[in-house]
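# Working through the structure, step by step
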Amino acid sequence: MKSLFEMKDNQTLSKSTLWLMAIGAGLVVANNYYNQPLLGMIAKEFDVSEAVASKVAMFTQIGYAVGLLFIIPLGDMFKRKRIILIDFFFIVISLLLFALSPSVTIMIIASFFIGLTSVVPQIFVPIAAQLSEPKAKGRNVGIVMSGLLIGILASRVFSGILGEYLGWRAVFFIAAGMMVILALFIVWLLPEMRPTFEGTYTRLMISIVRYVKVLPSLRLASLRGALGFASFSVFWTTLTFRLEQAPFFRGSDVAGSLGLAGIAGALAASYAGFIAGRVSKNILILIACILMLLAWLIFGLGGDTYMGLIIGIIILDLGLQAMHVTNQTIVFSTYPEASNRLNTVYMVSYFIGGSLGTFIGGLVWKDYGWNGVVCIGALFIVLCLIIHLLLSGRSKYGVPR
């Protein structure tokens, strides 16, 4: 088998490429989250319940999980730059379909395809891992992940404020324009990498199952990621509904602006990647779970104040990103030549968890309000913590050498 350095033709990760991928990851992943601060506005325009409107966000995440499963593995089989550029064409079409949606049904279909196509960041992350020197791998993955998470959070600010003044459709027209510009920069700056898998698509997909079977550490990281992101999604799906009620009585602009509070947590993702090689990964994940539990406690006690929400958001995002970057560092430490397929397993699980959190969050909000949301969000993290404590100490679940 060819070595990793032979497979990548001795390329190294330049600063321009690293920052292109970090910024690009943020801009592309933002497509999945523009709808969240706008759900209340969408529900009113189409005269549907908040639970129905929340399906728009849920189907975006389902589409993302499907895209991760069937598109991302192709990064090991074909030239990645070509896949990325083809994918960008369909991202633009999906965003335009959403902007022109005449009904919630069409919007849900468009949401699915926005999620399906906006998987490019999960091609960028393995590229960063593969082109990095071993000592810089965690840091560089963390930088790309910071860009991705800033994109998630800033997207809510962007869409919330813009939607309040120009309407929700304008958000998606502008997003489509940004994708066209980003595609031009990718043509110019992104290096080409040779495929690392030879064989049919069927064999490629079968190999994913084999990695799941032989890597307990991959299975554990995937389960932790799913539960962590489920908790995160419970909060962000229901926040806009919470702010529409007493004592806030605010709209999508405030819901989106609160995303600024989480950027501090996203920036910490790069630091988590830096220390991942110096501190026990099991300890880092334990700390991350405790932080997320603390955030939900703050939401429960201070969720009727802006200060309580802001502090909770910062801690929730810090905890999730520390967990996420540490999980991915573990995943990428096994088989570099299969990095896209390993990332597929982890990220499919991650977004299935997010979809579950979005769905359950909408149901719980409808029947039990904010107190129910706090309980279910905390429950996901308690389950994550229990599973981590039970399994992480077993040698077969440890970080592979």
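Quick summary incoming for the structure in this document. Fair warning: this is a prediction, and the values are worked out from it, not measured in the lab.

### Observations concerning the nonpolar core
Counting 131 residues, the largest nonpolar core has F88, F172, F235, W296 and F299 as its most contacted members. For this core, the element with the highest residue contribution is helix 16 (residues 339-391), accounting for 18 residues. In contact with F235, other than residues within four places in its own chain, are W296, F299, L309, I313, L316 and W370.

### Digging into helix 9 (residues 168-189)
An ideal rise of 1.5 Å per residue puts 32 Å on 22 residues; helix 9 measures up with 32 Å between its terminal C-alpha atoms. If you check which residues of helix 9 are buried, you get W168, A170, V171, F172, A175, A176, M179, L182, A183 and I186. Looking at the buried residues of helix 9, the elements they touch are helix 2 (15-29), helix 3 (39-46), helix 5 (80-99), helix 6 (104-117), helix 7 (121-131) and helix 8 (137-166).

### Section: a nonpolar patch on the surface
Nonpolar side chains collect at one region of the surface, where L379, V382, L383, I386 and L390 lie side by side and expose about 420 Å² of accessible area between them. Summarising the element assignment, I386 is placed in helix 16. Assessed through its relative accessible area of 42%, I386 is described here as partly exposed.

### As for the packing of aromatic side chains
Summed over the entire model, instances satisfying the criterion amount to 24 aromatic pairs. When the ring of F229 is compared with that of F351, the centres are 4.9 Å apart and the planes differ by 65°; the resulting orientation is edge-to-face. With F229 in helix 11 (residues 216-243) and F351 in helix 16, this residue pair connects regions lying 122 residues apart in the sequence. Both residues of the pair, F229 and F351, belong to the buried class. An aromatic cluster of at least three residues, connected via ring pairs, comprises Y64, F229, F232, F235, W236, W296, F299, Y346, Y350, F351 and W370. The ring of W236 has R156 sitting right over it, with the charged end atom 4.1 Å from the ring centre. The ring of Y211 is capped by R210, whose NZ or CZ atom sits 4.6 Å from the centre of that ring.

### Regarding the packing of helix 5 against helix 9
One can describe the packing of helix 5 onto helix 9 by two numbers: an axis separation of 8 Å at closest approach and a directional angle of 165°. Our classification of the angle between helix 5 and helix 9 gives roughly antiparallel. When the axes of helix 5 and helix 9 are compared, the crossing they make is left-handed. Seen from helix 5, the contacting residues are K81, I84, L85, F88, I91, V92, L95, L96, F98 and A99; seen from helix 9, they are W168, R169, F172, F173, A175, A176, M179, V180, L182, A183, I186 and V187.

### Quick look at the environment of V234
Relative to the helices and strands, V234 is located in helix 11. Using a relative accessible area of 0% as the deciding quantity, one classes V234 as buried. For V234 and G362, which are 128 residues apart along the polypeptide, the C-alpha to C-alpha distance reads 7.8 Å. In contact with V234, other than residues within four places in its own chain, are W296, G357, G361, V373, I376, G377 and F380.

So, how was this worked out
- Each residue is numbered by its place in its chain's sequence as written, counting from 1.
- Thresholds applied to this predicted model are a pLDDT of at least 70 for local features of residues and 80 or more for the giving and counting of side-chain atom pairs; totals over whole chains, interfaces and linings are not thresholded and use all residues.
- Side-chain measures were taken over the full set of non-hydrogen atoms in the model, leaving aside hydrogen atoms and water.
- Joining through side-chain atoms within 4.5 Å is the link that ties buried Ala, Val, Leu, Ile, Met, Phe, Trp, Tyr and Cys residues into a set, and such a set is a nonpolar core.
- Remark: exposure states derive from per-residue accessible area (1.4 Å probe, protein chains only) relative to the maximum for the residue type, with buried under 20%, exposed over 50%, and partly exposed in between.
- Numbering of helices and strands runs from the N terminus; a helix is a DSSP stretch of H or I covering at least four residues, while a strand is a stretch of E covering at least two.
- Contacts are assigned to residue pairs with any non-hydrogen atoms lying within 4.5 Å of each other.
- Here the expected span of a helix is defined as 1.5 Å times the quantity of residues minus one.
- Like charges are joined within 9 Å and nonpolar side chains (Val, Leu, Ile, Met, Phe, Trp, Tyr) within 5 Å, but only among residues with over 30% relative accessible area and no salt bridge; these make up the patches.
- Residue-level accessible areas treat just the shown protein chains as cover; the underlying method is Shrake-Rupley with a 1.4 Å probe.
- What makes a salt bridge here is a side-chain nitrogen of Lys or Arg within 4 Å of a carboxyl oxygen of Asp or Glu, nothing more.
- The pairing test for Phe, Tyr and Trp rings, Trp by its six-membered ring, is centres within 6.5 Å, and the orientation test on the planes gives stacked under 30 degrees, edge-to-face over 60, and tilted for anything in between.
- Either the NZ atom of lysine or the CZ atom of arginine qualifies as a charge over a ring when it sits within 6 Å of the ring centre and within 35 degrees of the ring normal.
- Only the stretch in contact is used when a helix axis is fitted, and all axes are lines through C-alpha atoms; the angle between N-to-C directions ranges over 0 to 180 degrees.
- The scheme is simple: roughly parallel for angles under 35 degrees, roughly antiparallel for over 145, roughly perpendicular for 65 to 115, oblique for anything else.
- Throughout, a crossing is termed right-handed when the near helix is turned clockwise from the far one, and left-handed when it is turned anticlockwise from it by less than a right angle.

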